[in-house]
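Survey of secondary and tertiary structure
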Amino acid sequence: MPKAVFAQPSDGQRAAPEAYRIQNGDKLSVKFFTNPDLNEPSVTVRPDGHISLQIINEVKAEGLTVAELRSALEKAYDEILLQPIITVSVIDFVAPHIFISGQIVKPGKYDLREAKTLMQAVFLAGGFTRDGNKKMVIHARPDGRGEWHIQAANVMGMLDPKGTQKDIELRSGDYIYVPESRIAKFSRAVEIVRPFLPRF
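For the structure given in this document, a descriptive report is provided here. Quantities reported herein were computed from a predicted structural model and do not represent experimental measurements.

Here is what the cut-offs are and how they apply
Residues numbered from 1 in each chain as written. Predicted model: local features only at pLDDT ≥ 70, side-chain atom pairs only at ≥ 80, totals over all residues. Heavy atoms only, no water. Phe/Tyr/Trp six-rings, centres within 6.5 Å; stacked < 30°, edge-to-face > 60°. Helix = DSSP H or I, 4+ residues; strand = E, 2+ residues; numbered from the N terminus. Buried < 20%, exposed > 50% of the residue type's maximum accessible area, 1.4 Å probe, protein only. Pairing = 2+ DSSP bridges. Axes fitted to C-alpha atoms, helices over the stretch in contact; angles between N-to-C directions. Contact = heavy atoms within 4.5 Å. Arc of directions from axis to C-beta. Expected span 1.5 Å × (residues − 1). Core = buried A, V, L, I, M, F, W, Y, C linked by side-chain atoms within 4.5 Å.

1. Description of the packing of aromatic side chains
For the structure shown, the criterion picks out 4 aromatic pairs. Note on F32 and Y77: the rings are 4.8 Å apart at their centroids and 80 degrees apart in plane angle, and the pair reads as edge-to-face. Of this pair, F32 sits in strand β1 (residues 27-32) while Y77 sits in helix α1 (residues 66-77), and the two are 45 residues apart along the sequence. Of the two residues examined, F32 and Y77, each falls in the buried class.

Below, the structure is given as structure tokens:
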């Protein structure tokens with residue numbers, strides 16, 4: 001049986017646009033105008049989406065823009081500092097990618113901007129191999145609490161205009177695994193793919 005091999009994500013080196021929403025793994029710079037002793041030249045967004053700074057509780061950063069995170073931090077520090085003025089910058093960010101493996105023609109890492117849904121990802125990766133299970137494609141997504149939410153998708157059902165199976169909109173960090181067609185049980189497919197999912 002072919003082994004599932006997933007490429008690992010790597011940090012991007014481009015400047016993030018203003019509308020960019022912070023993701024897990026991004027590196028941020030947090031500076032305080034009147035309290036430079038609290039400056040954080042490089043803080044990494046953890047897999048649970050939070051960052052840890054001095055003298056306040058951890059703050060959720062994932063999904064926020066730089067402006068939204070700055071407002072959240074100024075609110076958090078307002079109870080401790082006198083009118084805190086904070087600047088936040090994304091100094092290194094993870095480009096949005098998804099990963100696909102198993103019985104697929106071209107397994108690997110793909111830019112999320114090129115494949116925004118599960119079906120698009122399958123087509124981008126060259127489609128199924130002859131042994132690919134088209135009725136039970138495994139989709140895994142980080143749940144933000146250090147675990148994975150895993151579900152099965154019927155791509156054949158998605159292609160059926162009368163079917164009820166809806167395509168799945170992908171997010172950065174999602175993993176897709178196509179098991180062999182002889183694997184009919186969801187639990188068995190999950191057993192195969194789980195060891196290859198990154199641990200938080």
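2. Quick notes on the sheet that holds strand β6 (residues 97-102)
Strand pairing in a sheet is mediated by backbone hydrogen bonds. Such pairs are either parallel or antiparallel. Taken in spatial order, the 5 strands line up as β7-β6-β10-β8-β9 in an open sheet, and their pairing is mixed. A strand with exactly one partner marks an edge of an open sheet, and here the two such strands are β7 (108-111) and β9 (148-153). The mean angle between the axes of side-by-side strands here comes to 25 degrees, regardless of whether they run parallel or antiparallel. This element, helix α4 (residues 186-193), spans β8 (137-142), β9 and β10 (175-178) of the sheet and lies at about 130 degrees to β9.

3. Remarks on the pairing of β6
Burial within β6 is extensive, with 5 of its 6 residues counted as buried. Judged from the 4 bridges that link them, β6 and β7 form a sheet pairing that is antiparallel. Its bridge partner lying in β7, I100 is registered against G108. Connecting β6 to the next strand, β7, in antiparallel fashion are 5 residues. Sheet topology places β6 next to β10; 4 bridges connect them, and they run parallel.

4. Examining α4
The complete set of buried residues in α4 reads A189, V190, I192 and V193. End-on, the buried residues of α4 take up no more than an arc of 160 degrees, which puts them together on one face. Next to the buried residues of α4 lie β8, β9 and β10.

5. So, α1
Across its 12 residues, α1 extends 16 Å between first and last C-alpha, which sits within 8% of the 16 Å expected from 1.5 Å per residue. Those residues of α1 lying buried are L69, L73 and Y77. The arc enclosing the buried residues of α1, seen along the axis, measures out at 65 degrees, which places them on a common side. The inward-facing, buried residues of α1 abut β1, β3 (50-51), β4 (59-60) and β5 (86-92).

6. Focus: the nonpolar core
In terms of nonpolar packing, the biggest core is built from 21 residues, with L28, I51, L53, L69, L73 and Y77 touching the most fellow members. Mapped by element, the contributors of at least two residues to this core are β1, α1 and β5. Formed by 20 residues, the second largest nonpolar core is a distinct cluster that contains I100, A115, F128 and A153.

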